[in-house]
Amino acid sequence: MLRTAIYPGSFDPVTNGHLDIIERGLTLFDGITVAILHNPAKKYLFTVEERIGMLEESLKKFSGVSIEAFDGLLVDYAVQKNAQAILRGMRAVSDFEYEFQMALMNRRLNRDVQTVFLMTGLRWIFTSSSIIKEAACFGGNINGMVPPVVQQKLKEKFKQ
Ligand code: PNS
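Note that the structure is predicted; figures quoted are calculated from it, not measured.

Visitor: Explanation requested: the overall build of the protein in the structure shown.
Guide: The helix and strand inventory of the protein stands at six helices and five strands. For 160 residues, the compact-globule formula gives about 15 Å, and the C-alpha radius of gyration of the protein, at 15 Å, lands near that figure. The C-alpha extent of the protein, read off along each of the three principal axes, is 45 × 30 × 30 Å. Looking at the protein residue by residue over its 160 residues, the buried ones come to 44%. Of all intrachain contacts in the protein linking residues separated by at least 6 positions in sequence, the fraction that spans at least 24 positions is 77%. As displayed, the protein has an accessible area near 9,300 Å², and 54% of this comes from carbon and sulfur atoms. Taken as two groups, the 19 positive and 17 negative side-chain charges of the protein have centres that lie 3 Å from each other.

The following block contains the structure:
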(Lines give C-alpha, C1' and ligand atoms only; values in the text may rest on other atoms or scores of the structure.)
Protein backbone atom coordinates (compact mmCIF):
# COMPACT_ATOMS: atom_id res chain seq x y z
CA MET A 1 0.00 0.00 0.00
CA LEU A 2 1.29 3.44 -0.92
CA ARG A 3 1.68 5.84 2.01
CA THR A 4 0.80 9.41 1.20
CA ALA A 5 0.66 12.60 3.21
CA ILE A 6 -0.87 16.02 2.86
CA TYR A 7 1.50 18.87 3.65
CA PRO A 8 -0.94 21.73 4.28
CA GLY A 9 -0.21 25.38 4.80
CA SER A 10 -0.59 28.94 3.63
CA PHE A 11 2.71 28.99 1.74
CA ASP A 12 2.56 32.77 1.50
CA PRO A 13 5.23 32.31 0.18
CA VAL A 14 7.01 28.94 0.27
CA THR A 15 10.35 29.11 2.12
CA ASN A 16 13.46 26.93 2.20
CA GLY A 17 12.20 25.67 5.58
CA HIS A 18 9.11 24.26 3.83
CA LEU A 19 11.27 22.65 1.14
CA ASP A 20 13.38 20.98 3.84
CA ILE A 21 10.25 19.44 5.41
CA ILE A 22 9.05 18.20 2.01
CA GLU A 23 12.43 16.68 1.16
CA ARG A 24 12.62 14.86 4.49
CA GLY A 25 8.93 13.91 4.34
CA LEU A 26 9.61 12.13 1.06
CA THR A 27 11.87 9.70 2.94
CA LEU A 28 8.81 8.64 4.97
CA PHE A 29 6.01 8.82 2.41
CA ASP A 30 5.66 7.55 -1.17
CA GLY A 31 3.93 10.76 -2.17
CA ILE A 32 3.18 14.17 -0.70
CA THR A 33 0.43 16.57 -1.75
CA VAL A 34 1.37 20.12 -0.90
CA ALA A 35 -2.00 21.74 -0.23
CA ILE A 36 -2.72 25.44 0.01
CA LEU A 37 -5.58 25.78 2.47
CA HIS A 38 -7.27 28.78 3.96
CA ASN A 39 -6.10 29.99 7.35
CA PRO A 40 -8.84 32.37 8.57
CA ALA A 41 -6.32 34.08 10.88
CA LYS A 42 -4.16 35.32 7.99
CA LYS A 43 -4.20 38.06 5.38
CA TYR A 44 -2.32 36.95 2.31
CA LEU A 45 0.26 38.81 0.25
CA PHE A 46 0.10 36.45 -2.74
CA THR A 47 -2.95 35.05 -4.52
CA VAL A 48 -3.52 31.30 -4.50
CA GLU A 49 -2.44 31.19 -8.18
CA GLU A 50 0.79 33.04 -7.39
CA ARG A 51 1.51 30.71 -4.47
CA ILE A 52 0.89 27.63 -6.65
CA GLY A 53 3.22 29.05 -9.32
CA MET A 54 6.05 29.60 -6.82
CA LEU A 55 5.56 26.11 -5.35
CA GLU A 56 5.60 24.52 -8.81
CA GLU A 57 8.84 26.24 -9.72
CA SER A 58 10.47 25.45 -6.37
CA LEU A 59 9.43 21.80 -6.32
CA LYS A 60 10.45 20.92 -9.88
CA LYS A 61 13.39 18.83 -8.66
CA PHE A 62 11.26 16.57 -6.45
CA SER A 63 9.34 13.58 -7.74
CA GLY A 64 6.31 12.26 -5.87
CA VAL A 65 5.05 15.74 -5.03
CA SER A 66 1.85 17.37 -6.27
CA ILE A 67 0.47 20.83 -5.53
CA GLU A 68 -3.17 21.73 -5.05
CA ALA A 69 -5.45 24.25 -3.38
CA PHE A 70 -8.51 23.35 -1.31
CA ASP A 71 -11.15 25.46 0.39
CA GLY A 72 -12.53 23.51 3.31
CA LEU A 73 -11.59 21.29 6.22
CA LEU A 74 -8.15 19.76 6.10
CA VAL A 75 -9.32 16.33 7.32
CA ASP A 76 -12.01 16.22 4.60
CA TYR A 77 -9.35 16.95 2.03
CA ALA A 78 -7.09 14.21 3.46
CA VAL A 79 -9.95 11.69 3.09
CA GLN A 80 -10.67 12.90 -0.45
CA LYS A 81 -7.02 12.35 -1.35
CA ASN A 82 -6.83 8.95 0.42
CA ALA A 83 -3.94 10.27 2.51
CA GLN A 84 -2.97 8.54 5.73
CA ALA A 85 -1.27 11.51 7.29
CA ILE A 86 -1.02 15.26 7.67
CA LEU A 87 2.60 16.40 7.66
CA ARG A 88 3.59 19.52 9.59
CA GLY A 89 6.91 21.09 10.48
CA MET A 90 7.56 22.29 14.02
CA ARG A 91 10.04 25.01 14.85
CA ALA A 92 10.39 26.33 18.36
CA VAL A 93 8.23 26.02 21.47
CA SER A 94 6.21 28.94 20.12
CA ASP A 95 4.79 26.68 17.38
CA PHE A 96 3.82 23.97 19.82
CA GLU A 97 0.57 25.27 21.26
CA TYR A 98 -0.96 26.11 17.91
CA GLU A 99 0.18 22.86 16.29
CA PHE A 100 -0.99 20.80 19.29
CA GLN A 101 -4.41 22.43 19.20
CA MET A 102 -4.77 21.95 15.46
CA ALA A 103 -3.60 18.32 15.56
CA LEU A 104 -6.05 17.49 18.37
CA MET A 105 -8.93 19.24 16.62
CA ASN A 106 -8.15 17.38 13.39
CA ARG A 107 -8.00 14.12 15.35
CA ARG A 108 -11.34 14.90 16.93
CA LEU A 109 -12.80 15.55 13.48
CA ASN A 110 -11.35 12.38 11.99
CA ARG A 111 -9.52 9.74 14.05
CA ASP A 112 -8.23 7.93 10.96
CA VAL A 113 -5.98 10.75 9.82
CA GLN A 114 -2.71 10.99 11.76
CA THR A 115 -0.64 14.14 12.14
CA VAL A 116 3.09 13.61 11.73
CA PHE A 117 5.52 16.33 12.85
CA LEU A 118 9.06 16.82 11.66
CA MET A 119 11.31 19.14 13.62
CA THR A 120 12.57 21.88 11.41
CA GLY A 121 16.21 21.86 10.38
CA LEU A 122 18.30 24.07 12.72
CA ARG A 123 19.12 26.37 9.79
CA TRP A 124 15.46 27.30 9.48
CA ILE A 125 14.49 27.56 13.12
CA PHE A 126 14.10 31.36 13.03
CA THR A 127 12.53 31.69 9.61
CA SER A 128 8.88 31.91 8.68
CA SER A 129 6.98 33.26 5.69
CA SER A 130 5.85 36.20 7.84
CA ILE A 131 9.29 37.28 9.08
CA ILE A 132 10.76 36.87 5.60
CA LYS A 133 7.98 39.06 4.11
CA GLU A 134 8.64 41.67 6.75
CA ALA A 135 12.38 41.73 6.04
CA ALA A 136 11.77 41.83 2.27
CA CYS A 137 9.23 44.62 2.65
CA PHE A 138 11.89 46.88 4.17
CA GLY A 139 14.55 45.86 1.65
CA GLY A 140 16.34 43.33 3.90
CA ASN A 141 18.54 40.63 2.44
CA ILE A 142 16.63 37.33 2.37
CA ASN A 143 19.18 35.49 0.28
CA GLY A 144 19.25 31.75 1.00
CA MET A 145 16.01 31.76 2.98
CA VAL A 146 13.64 31.31 0.05
CA PRO A 147 13.90 29.73 -3.41
CA PRO A 148 15.15 32.14 -6.13
CA VAL A 149 11.68 32.43 -7.72
CA VAL A 150 10.24 33.61 -4.40
CA GLN A 151 13.03 36.11 -3.89
CA GLN A 152 12.22 37.58 -7.31
CA LYS A 153 8.45 37.65 -6.68
CA LEU A 154 8.91 39.36 -3.30
CA LYS A 155 11.10 41.98 -4.94
CA GLU A 156 8.41 42.61 -7.59
CA LYS A 157 5.61 42.69 -5.02
CA PHE A 158 7.29 45.27 -2.81
CA LYS A 159 8.30 47.43 -5.76
CA GLN A 160 4.63 47.86 -6.69
O1 PNS B 1 0.78 27.68 7.14
P2 PNS B 1 -0.34 27.82 8.14
O3 PNS B 1 -1.07 29.13 7.92
O4 PNS B 1 0.13 27.66 9.55
O5 PNS B 1 -1.36 26.64 7.85
C6 PNS B 1 -2.57 26.51 8.58
C7 PNS B 1 -3.60 25.67 7.79
C8 PNS B 1 -3.91 26.32 6.45
C9 PNS B 1 -3.04 24.28 7.58
C10 PNS B 1 -4.89 25.57 8.68
O11 PNS B 1 -5.39 26.85 8.95
C12 PNS B 1 -5.98 24.69 8.03
O13 PNS B 1 -5.89 23.48 8.08
N14 PNS B 1 -7.00 25.34 7.41
C15 PNS B 1 -8.13 24.64 6.81
C16 PNS B 1 -9.34 24.58 7.78
C17 PNS B 1 -9.09 23.51 8.83
O18 PNS B 1 -9.25 22.34 8.58
N19 PNS B 1 -8.61 23.95 10.04
C20 PNS B 1 -8.14 23.07 11.10
C21 PNS B 1 -9.19 22.43 11.94
S22 PNS B 1 -10.47 23.47 12.51
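Visitor: Can you walk me through the site of the ligand in this structure?
Guide: Among the 15 residues in the neighbourhood of the ligand, the closest are listed as S10, H38, N39, K42 and L74. H38 is positioned with one of its backbone polar atoms (N or O) 3.0 Å from a nitrogen atom of the ligand. Within the side chain of N39, one N or O atom sits 2.9 Å away from an oxygen atom of the ligand. For the ligand, whose accessible area on its own is 540 Å², the fraction buried by protein is 81%. Where the shell around the ligand is concerned, the elements lending two or more residues are strand 1 (4-9) and helix 4 (93-109). Top element by residues in the shell around the ligand is helix 4. It accounts for four residues.

Analysis parameters
- Residues numbered from 1 in each chain as written.
- Predicted model: local features only at pLDDT ≥ 70, side-chain atom pairs only at ≥ 80, totals over all residues.
- Heavy atoms only, no water.
- Helix = DSSP H or I, 4+ residues; strand = E, 2+ residues; numbered from the N terminus.
- Rg over C-alpha atoms; globule rule 2.2 N^0.38 Å.
- Buried < 20%, exposed > 50% of the residue type's maximum accessible area, 1.4 Å probe, protein only.
- Contact = heavy atoms within 4.5 Å.
- Areas by Shrake-Rupley, 256 points an atom, 1.4 Å probe, with all protein chains shown as cover.
- Lys, Arg positive; Asp, Glu negative; His and termini not counted.
- Charge placed at Lys NZ, Arg CZ, Asp CG, Glu CD.
- Near = heavy atom within 4 Å.
- Polar contact = N/O pair within 3.5 Å; in protein donor to acceptor, adjacent residues only side chain to side chain.

Scope: geometric values only; no functional claims are made or implied.
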